[in-house]
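Chain by chain, the residues run as shown.
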Amino acid sequence: MSAGALVLLAASGYAAESITEITLPGTRIFPESITSTSDGTIYIGSLGHGNVSRVAPGTAQVEEWIKPGTGGLNQILGVYADPKGKTLWVCSNNLQNKGEATAAMAFDLKTAAVKGTYVLPGDGALCNDFAVASDGTIYLTDTRQGSLDMLKRGSQTLEVAAKDPLLAGADGLAFGEKNILYVNSVTAGKLLRVDLGPDGKSKSVVELKLSQPLERPDGMRAIGKNRLLLAENAGKMDIVTIASQNATVKTIKEGLIMTPAVTATRGMAWIVEGKLPYMNDAAYKDKDPGLFKMYAIPLPKN
């Protein structure tokens, strides 16, 4: 490689690492979830616009990637990139009793083409977020029904994987180990451990002991064995380290505005300001939410 190429490579790497703030274009976007792939691409699900945007690696340029209504897409909550399955999973919710039923939708991670739509079981479902097991089984939280649903590889139908009173308000989820799934409750401020059996369904649901309280915990992503990146809607980003039934919470960024989601890629931890109460909370709904931004810091190693 020539000296000039090395200089360009170093410069491009420096530029990628130096981006720690991205402003989302448009008004009343209300991003609810973010996800990413190992190359640094970030995907943003917008509850306000009903679309999915994408940020290319090493840039701050946000482009619309999946348009509103694509394949019956409704109001968006969770988004989750599954590179192994070549899929972007999107929670499409019928929050206004219009259009298609609440479903988990699969889009091709390269082309954004619709690959499948899987309606959630039960009445009044609310698809919130996803995690993917090592065998390709998809898990998602149903916040209203306080349950976990799963879609096994090759299946066309979602089935209930866990139903427990502790799962009331189930929101963010992430795998800690092959058969251990962690789930938080946005309404109760709890963090739960769900042990899965050979059939992929829950064997037990246990509440973990927290080192400090959580305020409206939301999006969660695995960043190692029993180590999670967590968004608190109180404007905080945490790292949670779990040992047995104890969870140590370390806040790594705070002082933001209503933060529902996190993701990690290329050594950076990202968090987004969603400002969701400005959509329907009487105390905020007539006020201007202003700009929507994502922020990043280097992901701590310990």
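Caption draft 1: Looking closely at the sheet that holds strand β13 (residues 159-163). Strand order across the open sheet formed by four strands is β10-β11-β12-β13, with antiparallel pairing between neighbours. Strand pairing shows two members of the sheet lacking a second neighbour, β10 (127-132) and β13, which therefore form its edges. Neighbour-to-neighbour, the strand axes of the sheet open up by a mean angle of 30°, direction not taken into account. Two elements, β10 and strand β11 (residues 138-142), share four bridges in a ladder whose sense is antiparallel. Along β11, the bridge assignment pairs Val132 with Ile138.

Caption draft 2: Structural context of the state of the cysteines. Going through the model one piece at a time under the given rule, you end up with one disulfide. Shown here is the disulfide that connects Cys91 with Cys127, its sulfur atoms set 1.9 Å apart. On the S-S bond that ties Cys91 to Cys127, the torsion sits near -60°, and the link is left-handed. Taken together, the residues span a long stretch of sequence, with Cys91 in strand β7 (residues 87-93) and Cys127 in strand β10 at a distance of 36 residues.

Caption draft 3: Spatial organisation of the pattern of salt bridges. Applying the stated criterion across every chain yields a total of eight salt bridges. The partner of Arg221 in a salt bridge is Asp129, with the nearest N and O atoms 3.5 Å apart. Here Arg221, found in strand β19 (residues 217-224), pairs with Asp129, found in strand β10; they are 92 residues apart in sequence, far enough to count as distant. For Arg221, a relative accessible area of 6% puts it in the buried group. On the basis of relative accessible area, Asp129 is assigned to the buried category, the value being 3%. Among the ionic pairs, Arg216 bridges to Glu215, the shortest N-O distance being 3.3 Å. With relative accessibility at 39%, the residue Arg216 sits in the partly exposed group.

Caption draft 4: Seen up close, the pairing of strand β8 (residues 103-108). Burial of β8 is extensive: five of the six residues sit out of reach of the surface. The pairing of β7 with β8 spans six bridges and is classified as antiparallel. Looking at β8, one finds that Trp89 is bridged to Ala106. As defined by bridge partners, β8 adjoins strand β9 (residues 114-119) across five bridges and the pair is classed as antiparallel. Each bridged residue has a counterpart across the sheet, and for Ala104 the counterpart in β9 is Tyr118. Two successive antiparallel strands, β8 and β9, enclose a turn made up of five residues, where Ala112 displays a positive phi of approximately 70°.

Caption draft 5: Looking closely at the side chain of Arg227. Inspection of the secondary structure assignment puts Arg227 in strand β20 (residues 227-232). Of the buried charged residues, Arg227 lacks a salt bridge, with Asp238 as the closest side chain of opposite charge at 12 Å. Within the local environment of Arg227, its side chain forms a polar contact with the backbone oxygen of Pro300, the two atoms lying 2.9 Å apart. Those residues in contact with Arg227 that sit more than four places away from it in its chain are Arg221, Ala222, Ile239, Val240, Thr241, Pro300, Lys301 and Asn302.

Caption draft 6: The arrangement of the environment of Lys178 in detail. Tracing the chain through its elements places Lys178 in the loop between β14 (170-177) and β15 (180-185). As a C-alpha pair, Lys178 and Lys225 span 47 residues in sequence and 9.3 Å in three-dimensional space.

Caption draft 7: Region of the structure containing the packing of aromatic side chains. In the structure shown here, the tally under the stated rule is six aromatic pairs. Between Trp89 and Tyr118 the ring centres are 5.9 Å apart and the planes differ by 45°, which places this aromatic pair in the tilted class. With a gap of 29 residues between them, Trp89 in strand β7 and Tyr118 in strand β9 connect regions that are remote in the sequence. Classification of Trp89 by relative accessible area gives buried; the value is 6%. Between Tyr278 and Tyr284, the aromatic rings sit 5.0 Å apart at their centres with planes inclined by 55°, giving tilted as the arrangement. Put simply, the rings of Trp89, Tyr118 and Phe130 touch in pairs and so form one group of aromatic residues. Over the aromatic face of Tyr284 sits the side chain of Lys287, whose NZ or CZ is 5.9 Å from the ring centroid.

Caption draft 8: Representation of the confidence of the model for the chain in the model. Mean pLDDT over the chain stands at 93; residues scoring 70 or higher make up 94%. Contacts from residues 1-16, a stretch scored under 50 in pLDDT, to residues over four places away or in other chains number four contacts.

Definitions and cut-offs
Residues numbered from 1 in each chain as written. Predicted model: local features only at pLDDT ≥ 70, side-chain atom pairs only at ≥ 80, totals over all residues. Heavy atoms only, no water. Pairing = 2+ DSSP bridges. Helix = DSSP H or I, 4+ residues; strand = E, 2+ residues; numbered from the N terminus. Axes fitted to C-alpha atoms, helices over the stretch in contact; angles between N-to-C directions. Disulfide = S-S within 2.5 Å. Salt bridge = Lys/Arg side-chain N within 4 Å of Asp/Glu carboxyl O. Buried < 20%, exposed > 50% of the residue type's maximum accessible area, 1.4 Å probe, protein only. Lys, Arg positive; Asp, Glu negative; His and termini not counted. Polar contact = N/O pair within 3.5 Å; in protein donor to acceptor, adjacent residues only side chain to side chain. Contact = heavy atoms within 4.5 Å. Phe/Tyr/Trp six-rings, centres within 6.5 Å; stacked < 30°, edge-to-face > 60°. Lys NZ or Arg CZ within 6 Å of the ring centre and 35° of its normal. pLDDT = per-residue confidence, 0-100.

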